[in-house]
Amino acid sequence: MIERIGISLEKKLLAQFDALIRAKGYSNRSEAVRDLIRDKLVEQEWTAPEGEAVATVLLVYEHEGMDLSQRLTALEHEEFHRVVASMHVHMDHDNCLEILVLRGPGRDIQRLGERLISLRGVKHGRFVPGTTGRKI
Ligand code: NI
């Protein structure tokens, strides 16, 4: 069910908001406001000590040398109950890109994400907090 609400904003702030959402490709203000609210709710989910969270981890590394592939696989097996999916892309002769989906208590999967990204040999890593979608 949809409810309509009215919001009062300063003209300058509204102009900035319109410019921002146009640049991001939103077709209307309502969808942009909905996404902003959902972002805040997801942020709140992550600060809650309990409950289930979801995140993706992006890793770029060279597969040869430093046994990184093996250490990565070992860590993923060690945490198999938190690593629900992974995708490996051979970017070129030397470089690999890996995307992992982590699921579990926010604090645990954040720690796991940090462990993965800080493995020696990872050239680039990103941890992106997400949501199961259940609460928003
Ligand atoms: Ni590869």
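Shown above is the structure to which this text applies.
Residues numbered from 1 in each chain as written. Predicted model: local features only at pLDDT ≥ 70, side-chain atom pairs only at ≥ 80, totals over all residues. Heavy atoms only, no water.

> Would you mind showing me how to read the packing of helix 3 (residues 68-78) against helix 4 (residues 106-117) here?
Two packed helices can be described by the angle between their axes and the distance between those axes. For the pair helix 3 and helix 4, interaxial distance at closest approach is 11 Å and the crossing angle is 170°. Taken together, the axis directions place helix 3 and helix 4 in an arrangement best described as roughly antiparallel. When the axes of helix 3 and helix 4 are compared, the crossing they make is right-handed. Together, Leu72, Leu75 and Glu78 of helix 3 and Leu112, Arg115 and Leu116 of helix 4 make up the contact between the two elements. (Axes fitted to C-alpha atoms, helices over the stretch in contact; angles between N-to-C directions. Helix = DSSP H or I, 4+ residues; strand = E, 2+ residues; numbered from the N terminus. Parallel < 35°, antiparallel > 145°, perpendicular 65-115°, else oblique. Left-handed = near helix turned anticlockwise from the far one by under 90°. Contact = heavy atoms within 4.5 Å.)

> What is the right way to read the pattern of salt bridges from this model?
Two side chains with opposite charge may pair up if their charged atoms get near one another. Under the definition given, this model contains 11 salt bridges. Across the salt bridge formed by Arg38 and Glu31, the nearest N and O atoms sit 3.9 Å from each other. Classification of Glu31 by relative accessible area gives partly exposed; the value is 29%. Between Lys123 and Glu62 there is a salt bridge, with the nearest N and O atoms lying 3.0 Å from each other. With Lys123 in strand 4 (residues 122-130) and Glu62 in strand 1 (residues 53-62), the pair connects residues that are 61 residues apart, well separated along the chain. Judged by its relative accessible area of 49%, Lys123 is partly exposed. Look at the salt bridges and you will find they share partners, linking Glu31, Arg34, Asp35 and Arg38 into a network. (Salt bridge = Lys/Arg side-chain N within 4 Å of Asp/Glu carboxyl O. Buried < 20%, exposed > 50% of the residue type's maximum accessible area, 1.4 Å probe, protein only.)

> Explain the coordination of the nickel ion here, please?
Six octahedrally arranged donors around a metal ideally form angles of 90 or 180 degrees; four tetrahedrally arranged donors ideally form angles of 109.5 degrees. Protein coordination at the nickel ion: the donors are His88 (NE2), His90 (ND1) and Cys96 (SG), at 2.1 to 2.4 Å from the metal. Donor residues for the nickel ion, ordered by position in the chain, follow H-x1-H-x5-C. Residue His88 is classed as partly exposed on the basis of its relative accessible area of 35%. When its relative accessible area of 2% is taken as the criterion, Cys96 is described as buried. (Donors = N, O, S within 2.8 Å, 3.2 Å for Na, K, Ca; no water.)

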